[in-house]
Amino acid sequence: MTPQLTRLHGTWLLPTVLSTTAGAVDVIGFLALGGLFTAHITGNVVIVAAHYVTGGFSQIGPLLAVPVFMAVMGLVTLASSAIARAGTMPLRPLLLLQTALLAGFLLLGVWFGRFDNADSSMAVLAGMLGVSAMATQNVLGKLALKGAPSTAVMTTNITQLTIDLVTLVRSRGDAGELIKARSRARMTFPCIVGFVGGCAAAAALEVRFGLWALALPVALSALAVPLGRVEE
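Residues numbered from 1 in each chain as written. Predicted model: local features only at pLDDT ≥ 70, side-chain atom pairs only at ≥ 80, totals over all residues. Heavy atoms only, no water.

## What to know about helix H6 (residues 154–170)
Right, so step 1: The first and last C-alpha atoms of H6 sit 24 Å apart over 17 residues, in line with the 24 Å expected at 1.5 Å per residue.
Right, so step 2: Among the residues making up H6, those that are buried are Met154, Asn157, Leu161 and Asp164. Here the buried residues of H6 occupy an arc of 95° about the axis, which is enough to place them on one side.
Right, so step 3: A positive backbone phi angle near 55° is found at Ser171, which sits one or two residues after H6. (Helix = DSSP H or I, 4+ residues; strand = E, 2+ residues; numbered from the N terminus. Expected span 1.5 Å × (residues − 1). Buried < 20%, exposed > 50% of the residue type's maximum accessible area, 1.4 Å probe, protein only. Arc of directions from axis to C-beta.)

## Notes on the pattern of salt bridges
Right, so step 1: Applying the stated rule across the entire model yields two salt bridges.
Right, so step 2: Measuring nitrogen to oxygen at the nearest pair gives 2.8 Å for the salt bridge that ties Arg184 to Asp164. Pair noted here: Arg184 is in helix H7 (residues 175–209) and Asp164 is in helix H6, with a separation of 20 residues, a long-range link.
Right, so step 3: What makes Arg184 partly exposed here is its relative accessible area of 33%.
Right, so step 4: Where Glu177 meets Lys180, a salt bridge forms, and the shortest distance between an N and an O atom there is 4.0 Å. (Salt bridge = Lys/Arg side-chain N within 4 Å of Asp/Glu carboxyl O.)

## Overview of empty space enclosed by the protein
Right, so step 1: In the structure shown here, the tally under the stated rule is one cavity of 30 Å³ or more.
Right, so step 2: The computed volume of the largest cavity comes to approximately 30 Å³.
Right, so step 3: Around the largest cavity, the lining residues are Leu33, Leu36, Gly61, Ala118, Ala123, Val124, Gly127 and Met128.
Right, so step 4: Take the lining of the largest cavity: its biggest share by element is four residues, from helix H5 (residues 121–143).
Right, so step 5: A class-by-class count of the residues in the lining of the largest cavity yields six nonpolar, two polar and no charged. (1 Å grid on protein atoms, 1.4 Å probe; cavity = no way out; pocket = protein on both sides within 12 Å on 5 of 7 lines; lining within 4 Å. Points joined across faces, edges and corners; volume = space filled by probe spheres on them. Nonpolar A, V, L, I, M, F, W, Y, C, P; charged D, E, K, R; others polar.)

Here you go:
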């Protein structure tokens, strides 16, 4: 692989693939599991707050998603530290873990078909596998892809991209800041496009094929594993 292609992969390709994965998993979970957000944990916090105020504690998945997400992030952080102490880069092991969790999500979805009751034990278990996969992706983004934009939180990315684009259009300020803004925009924009594209493609697939649509994010996550080697 040429140095130029290596640099290209290392800047935007892996974060974009992961963003597409997150968008796909999030929309499939939302459509198939009674409004569960697997990557967009803020949405689950809103649901929990609304349920608390109205007394409508009927959806188990969103209620469990936040503590499960936090617990998995803690465990993955500890595992990442242990892997690093052993002298191995943690990026690819975490990508493999994410792929395995998504594969489990797919297998449960395919085996049990559409979940008519999103509060059933199998539906909740499947959803928590998706939440765990996205928790893993969030941790690897923070610990192993330092400097890359978020691959799951598009509010932050859209805010940063807007600020950078305005900075570039005005073309005022320190030259170094303009270079940084241009570099960030080149990384952030593909992630936003990837997330939106993942949402659109996965929504269409879920409507047509049900939880078989999870084959898309599983394939994308598997693709990310060799890309992690380039990043390392």
